[in-house]
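# Remarks on the overall topology
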Amino acid sequence: MAILTTTPNSKIKLPITEIMLLMAAVFWGTSYGLTKESLFFTSVLIFITIRFSLTFICMLPIVCKEFRSGLNKNWKVAIPSGLILSGIFLCEVYGVSKTSASKAAFLISLSIILTAFIEPLINKSAIPASLLLLALCSILGVYFLTNPLSSALSLNIGDYFILLAAVLRAVMVTVTKRLSEGKDITTPTLTAIQSFIVAISAMTLCLFTQPWQAITLPMNTQFWVIMFYLVFCCTLFAFYIQNYAIRRISPTKVSLLMGSEPLFGAVFAIVWLNESLTTVQVFGGILIFTSVLITSIKTNK
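The paragraphs below set out a description of the structure included in this document. Keep in mind that what you see is a predicted model, and the values were worked out from it rather than measured.

Okay, the packing of aromatic side chains next. The description of an aromatic ring pair rests on the distance of the ring centres and on the angle between the ring planes. Summed over the entire model, instances satisfying the criterion amount to 12 aromatic pairs. Relative to Phe-232, the ring of Phe-228 lies with its centre 6.2 Å away and its plane at 20 degrees, an arrangement referred to as stacked. Note that Phe-228 and Phe-232 are positioned in helix 9 (residues 221–246) at a spacing of four residues, about one turn of the helix. Given a relative accessible area of 43%, Phe-232 falls into the partly exposed group. Each member of the aromatic cluster is reached from another via a ring pair, and the members are Phe-41, Phe-223, Trp-224, Phe-228 and Phe-232. For Arg-248, the ring lying beneath its charged end belongs to Tyr-244, and the centroid distance is 3.8 Å.

The following block contains the structure:
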């Protein structure tokens, strides 16, 4: 937490961790549509393999230096969360390929409330009633923002995969908190090992489920522009910040702030894609913004 002194007798505390999480949510808010666009050029498994292999390669110099310095004696604690993250991305990317980006954003946001229920079970920590109320308010806002009462919320196979990803997200942030707290492992190493496990998992499934002639690198420039954005902004930055925050504040609070990504996705659609919002969607955006604002300034962990 950074402190900015304004007078000798007053201090303004800037919620740096919360602000960084919201920045990560901004990037994640743009990722659903871009991921869907990338899948026009390749398969789900090749997409995941490329994304997380590049992430691991980018982190490798830092991780090697940290291991040489003896900073990662408990590096094995990253393995369980890496396996869970593999499941998250397999379900999430496949789900996005089979459903709309807006519906995926709503369903994945259910991880907010799921985390609030799973955290007390795994970490044996009480969730403040105010935080639970804010989580419910945020989910309601996401519903209005992504499904503006224009049709009933029907589910297809892709939606069920997204729901499973939401459950796994809630489990991951909670398990990561439990396993890494107080352990000798740096955040870059935690992020790198998780990325390596995701890449290896996707590559293994790819080798066993796809014909050899189908395993090729996309040659489309648009794909690689999107991929580098996803790697550097939505994976390297966002997952590093998430792992950093999980070790410092409540997993439920992390999920609530990261769950604001549909709001930023909607802003992206307005600014970049020239889309417009209905009154109901604007109301939903206000609910999400209010929830994350209150969550960011609350002092409880």
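Okay, a nonpolar patch on the surface next. A cluster of nonpolar side chains, namely Phe-196, Ile-200, Met-203, Leu-207, Phe-208 and Trp-212, defines an oily patch on the protein surface of about 680 Å² accessible area. Note that Leu-207 resides in helix 8 (residues 187–209). A relative accessible area of 40% places Leu-207 in the partly exposed class.

Once that is clear, we can look at helix 9. An ideal rise of 1.5 Å per residue puts 38 Å on 26 residues; helix 9 measures up with 35 Å between its terminal C-alpha atoms. The N-terminus of helix 9 is capped by Asn-220, whose side-chain oxygen sits 2.8 Å from the backbone nitrogen of Gln-222.

Counted by the stated rule, this structure contains three salt bridges. Lys-253 is the partner of Glu-18 in a salt bridge, and the nearest nitrogen-oxygen pair spans 3.1 Å. Taken together, the positions of Glu-18 in helix 1 (residues 16–38) and Lys-253 in helix 10 (residues 251–258) put the pair 235 residues apart, joining distant regions of the chain. Like Lys-253, Glu-18 is buried. Residue Glu-181 pairs with Lys-177 through a salt bridge whose shortest N-O separation is 3.7 Å. By relative accessible area, which is 45% here, Glu-181 ends up partly exposed.

Cut-offs used in this document
- Residues numbered from 1 in each chain as written.
- Predicted model: local features only at pLDDT ≥ 70, side-chain atom pairs only at ≥ 80, totals over all residues.
- Heavy atoms only, no water.
- Phe/Tyr/Trp six-rings, centres within 6.5 Å; stacked < 30°, edge-to-face > 60°.
- Helix = DSSP H or I, 4+ residues; strand = E, 2+ residues; numbered from the N terminus.
- Buried < 20%, exposed > 50% of the residue type's maximum accessible area, 1.4 Å probe, protein only.
- Lys NZ or Arg CZ within 6 Å of the ring centre and 35° of its normal.
- Patch = residues over 30% accessible without salt bridge, like charges linked within 9 Å, V, L, I, M, F, W, Y side chains within 5 Å.
- Areas by Shrake-Rupley, 256 points an atom, 1.4 Å probe, with all protein chains shown as cover.
- Salt bridge = Lys/Arg side-chain N within 4 Å of Asp/Glu carboxyl O.
- Expected span 1.5 Å × (residues − 1).
- Polar contact = N/O pair within 3.5 Å; in protein donor to acceptor, adjacent residues only side chain to side chain.

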